[in-house]
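Architecture and fold: a report
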Amino acid sequence: MSLDMQIANVNQLSNDVDGIYHEIAQHFELTDNIYWVFYILYDSDEAMTQSDLSREWTFSKKTVNSSITAMTKSGWITLELLPNSRKFKAICLTSTGQQLCQRVGNLTRQIEQGAYARLSAKELDQFLQLFKRLNDGFRELTDTLLAADDK
């Protein structure tokens, strides 16, 4: 199989996984972006801000802002000023938001753990190492080639 065909297969598999997460979001009648905010909050042990979501998950500020606005209007979250800050606000789940977040997180975690359990610990370690190496290559080449293309 040629490199181009292998790349196409990887992209197709990646899109398939994105589609599965989209199905989960649709199950809860959520947009993909709001689903991912719930997903992130489910795993977060610390207060999260909109800046944290943008920085750590590479979401645009506009995407995060519109998701947070919609979630606030739905009564799922509130924003509370962080101590010793005049600017940064923590995203806090309301009781309704907490219940939905638990449902979303628990079901997603069952799906993910069941799927990943199909790999041995060694296979999963290898997959993670290869995936990280591939992502590092993407980042390096994207930065280099996009900068060169701007000239």
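That block above? That's the structure.
In short, a report on the structure. No experiment lies behind these values; they were computed from the predicted model shown.

**So, the state of the cysteines**
Counted by the stated rule, this structure contains 0 disulfides. C101 supplies the cysteine sulfur nearest to C92, a cysteine that is in no disulfide, at a spacing of 12 Å.

**A closer look at the packing of helix α1 (residues 3-27) against helix α5 (residues 95-116)**
Across the interface, α1 lies against α5 with an axial gap of 11 Å and an inter-helix angle of 155 degrees. Relative to α5, the element α1 is oriented roughly antiparallel. Two packed elements cross with a definite hand, and for α1 against α5 that hand is right-handed. Seen from α1, the contacting residues are Y21, I24 and H27; seen from α5, they are L107, T108, I111 and E112.

**Quick word on a nonpolar patch on the surface**
A surface patch of nonpolar side chains, about 470 Å² in accessible area, is lined by Y116, L119, F127, L128 and F131. Considering every element that reaches the nonpolar patch, the biggest residue donor is helix α6 (residues 121-149), with 3 residues.

**Observations concerning the packing of aromatic side chains**
Tallied over the full model, the rule gives 10 aromatic pairs. With a centroid separation of 6.4 Å and an interplanar angle of 85 degrees, the aromatic rings of Y21 and Y39 are classed as edge-to-face. Of this pair, Y21 sits in helix α1 while Y39 sits in helix α2 (residues 32-43); the two residues are 18 residues apart in sequence, bridging distant segments of the chain. The burial state of Y21 is the same as that of Y39; both residues are buried. Taking the centre distance of 6.2 Å and the plane angle of 80 degrees together, the rings of Y39 and W57 count as edge-to-face. Of this pair, Y39 sits in helix α2 while W57 sits in helix α3 (residues 50-57); the two residues are 18 residues apart in sequence, bridging distant segments of the chain. Members of the aromatic cluster, each reached through a chain of ring pairs, are Y21, Y35, W36, Y39 and W57.

Here is what the cut-offs are and how they apply
- Residues numbered from 1 in each chain as written.
- Predicted model: local features only at pLDDT ≥ 70, side-chain atom pairs only at ≥ 80, totals over all residues.
- Heavy atoms only, no water.
- Disulfide = S-S within 2.5 Å.
- Axes fitted to C-alpha atoms, helices over the stretch in contact; angles between N-to-C directions.
- Helix = DSSP H or I, 4+ residues; strand = E, 2+ residues; numbered from the N terminus.
- Parallel < 35°, antiparallel > 145°, perpendicular 65-115°, else oblique.
- Left-handed = near helix turned anticlockwise from the far one by under 90°.
- Contact = heavy atoms within 4.5 Å.
- Patch = residues over 30% accessible without salt bridge, like charges linked within 9 Å, V, L, I, M, F, W, Y side chains within 5 Å.
- Areas by Shrake-Rupley, 256 points an atom, 1.4 Å probe, with all protein chains shown as cover.
- Salt bridge = Lys/Arg side-chain N within 4 Å of Asp/Glu carboxyl O.
- Phe/Tyr/Trp six-rings, centres within 6.5 Å; stacked < 30°, edge-to-face > 60°.
- Buried < 20%, exposed > 50% of the residue type's maximum accessible area, 1.4 Å probe, protein only.

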